[in-house]
Amino acid sequence: MSKFWSPFVKELVPYVPGEQPKLAKLVKLNTNENPYGPSPKVIAAIQAELNDTLRLYPDPNADRLKQAIAGYHGVKASQVFVGNGSDEVLAHAFHALFQHGKPLLFPDISYSFYPVYCGLYGIDFEAVPLDGQFQIRIEDYARTNGGIIFPNPNAPTGCLLPLEAVERMLQASPDSVVLVDEAYVDFGGESAISLVNRYPNLLVAQTLSKSRSLAGLRVGFAVGHEDLIEALERVKNSFNSYPLDRLALAGAVASFEDQAYFEQTCNAVIHSREKLVAELRTLGFDVLPSAANFIFARHPQRDGAELAAALREEGVIVRHFKQARINQFLRISIGTDEQNQALLDALRLKL
C-alpha cells in the first residue's frame, strides 16, 4: 500500500482471474477457454488487416461488427453495443444502468467480478442464496431492487435457468434493468436475446471468448432496447472511444461468417462434456447439470483443494474456489477428448 494511493483505491478488492501458468506440457482446464482454435476465416481476416492501415484508428462505432451481430441475432444494429471483452461491457452496464439507493441483486454463487464492480462504482448489493441444488429461485428476486444480474448458464456451477423463468423475472421487476450474462449460452442454453423486443428493461451480454474461440482477441457485446444501448454508448465514449482495435474488429466480424465451424466446435465441446460427466460419475463424483463449457464436480471422499493440488502434480490444472458453500467443488473446463482423458487418468491415480 502506497502513500500515493487514493482512499478509494485502498478499499478496492480486485477480481482475481484464473491462473495462466507458464509451465510447459500442462493440461490446462482452469479458465474455460475453448479447446479448439478460431475459425480459419478469422485467422485470414486478421492477417488481411495486417497492413499500412494499422496507422489509422479503428471505427469507433464498430459498425460492421454491430451489423454482423444484429444480423445473426435478428435485431437492429442500434440495439447492439460492443466492448473490449464482456467484462468491459458489464462494467459499463454497472456504471450506466444499475440504480443507487436500492440493492443490486445477484446469486451468492456467481461470477466473482460482480461484487468487484459494485465496489468500484459504489453500488449496494445483496447476494441472493442459490437453493440446495445450486439453482436460482425466481421468487427470491421478486422484490425491490436497483437491478438484477446473473450468468445464464451460471458460473461457476454451469446450471441453466430456462427462458420462461428469465421472462418471469423480467415481469416481476419492470422498473429495473435485468442483465443476463450469457458468456456460456452457446453450449446448451437458449439466449434471452429473443426477448429484448418485448422487455425494455432487458440487457443481454455475450462474449466471443468462449464459443467462438477468441479469448485472446477480447470482444464482447450486449443487446437490448435502444435506450439501454444509448446509456452504454454514453459511458463508453466518456471512457474510451476505441475499445476494439482493427484486428479485433476484423476477426470478430469473420467469426460470424463461419456458422458451420461455430456449430462444429460447439457440438464437439458439448459431446465431450457429456462423455466426461459420465466418466466422472463412474469415479464417484457428484456433478451438477451443466449447459456450459465446464462442469462443477466434487468427490464425497476427497477434499477439493487437496484434489486440485494432486491433479497439478500430474500436470492437470483445474479451478478451485475457497468460498464456503463450494469449497469442495472443482470447476473443470472441457478440453479435447485427449485432454479430458489425461484428467481422468490423473484422477484414477489420485483417488
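Residues numbered from 1 in each chain as written. Predicted model: local features only at pLDDT ≥ 70, side-chain atom pairs only at ≥ 80, totals over all residues. Heavy atoms only, no water.

An unreviewed UniProt entry lists the chain under the name Histidinol-phosphate aminotransferase, from Pseudomonas triclosanedens. Under the UniProt heading Pathway (unreviewed entry), the entry covering the chain gives this text: "Amino-acid biosynthesis; L-histidine biosynthesis; L-histidine from 5-phospho-alpha-D-ribose 1-diphosphate: step 7/9." In the Sequence similarities (unreviewed entry) part of its UniProt record, the chain is described as follows: "Belongs to the class-II pyridoxal-phosphate-dependent aminotransferase family. Histidinol-phosphate aminotransferase subfamily." (UniProt positions renumbered as here; feature names shortened; annotations may be inferred.)

**Let's talk about the sheet that holds strand β2 (residues 80-83)**
Note on sheets: strands pair through backbone hydrogen bonds, and any given pair is parallel or antiparallel. Read from one edge to the other, the open sheet built from seven strands follows the order β2-β8-β7-β6-β5-β3-β4, with strand pairing classed as mixed. The open sheet terminates on both sides in strands that have one partner only, identified here as β2 and β4 (125-128). Taking each pair of neighbouring strands and ignoring which way they run, the sheet shows an average axis angle of 20°. In this sheet, strand β5 (residues 147-151) lies alongside strand β3 (residues 104-107) in parallel orientation, the contact comprising two bridges. (Pairing = 2+ DSSP bridges. Helix = DSSP H or I, 4+ residues; strand = E, 2+ residues; numbered from the N terminus. Axes fitted to C-alpha atoms, helices over the stretch in contact; angles between N-to-C directions.)

**Quick notes on the pattern of salt bridges**
Taken as a whole and judged by the stated rule, the model has 16 salt bridges. The shortest N-O distance in the salt bridge between E126 and R143 comes to 2.8 Å. Placement of E126 in strand β4 and of R143 in the loop between β4 and β5 is noted, with a sequence separation of 17 residues between them. Classification of E126 by relative accessible area gives partly exposed; the value is 33%. Here R198 ties to E167 by a salt bridge, and the two come within 2.3 Å at their closest N and O atoms. Residue R198 is located in the loop between β6 (178-181) and β7 (202-207), and its partner E167 is located in helix α6 (residues 163-172); the two are separated by 31 residues in the primary sequence. Under the relative-accessibility criterion, R198 is labelled exposed at 53%. Judged by relative accessible area, E167 falls into the buried class, the value being 16%. (Salt bridge = Lys/Arg side-chain N within 4 Å of Asp/Glu carboxyl O. Buried < 20%, exposed > 50% of the residue type's maximum accessible area, 1.4 Å probe, protein only.)

**Describing the side chain of E233**
Here E233 is to be found in helix α7 (residues 226-236). For E233, a relative accessible area of 15% translates into the label buried. For E233, the residues in contact, after removing those within four places along its chain, are K66, V80 and F81. (Contact = heavy atoms within 4.5 Å.)

**Regarding the sheet that holds strand β9 (residues 286-287)**
Pairing within the open sheet is antiparallel, and its four strands lie in the order β9-β10-β13-β12. The open sheet is flanked by β9 and β12 (319-320), the only strands paired with a single partner. In the sheet, β12 pairs with strand β13 (residues 330-333) via two bridges, with the strands oriented antiparallel. Among the inter-strand pairings, R319 is bridged to a residue of β13, identified as R331. Packed onto the sheet, helix α9 (residues 259-282) meets β9, β10 (294-298) and β13 and runs at close to 5° relative to β10. Sitting on the sheet, helix α10 (residues 304-313) is in contact with β12 and β13, with an inclination near 35° to β13.

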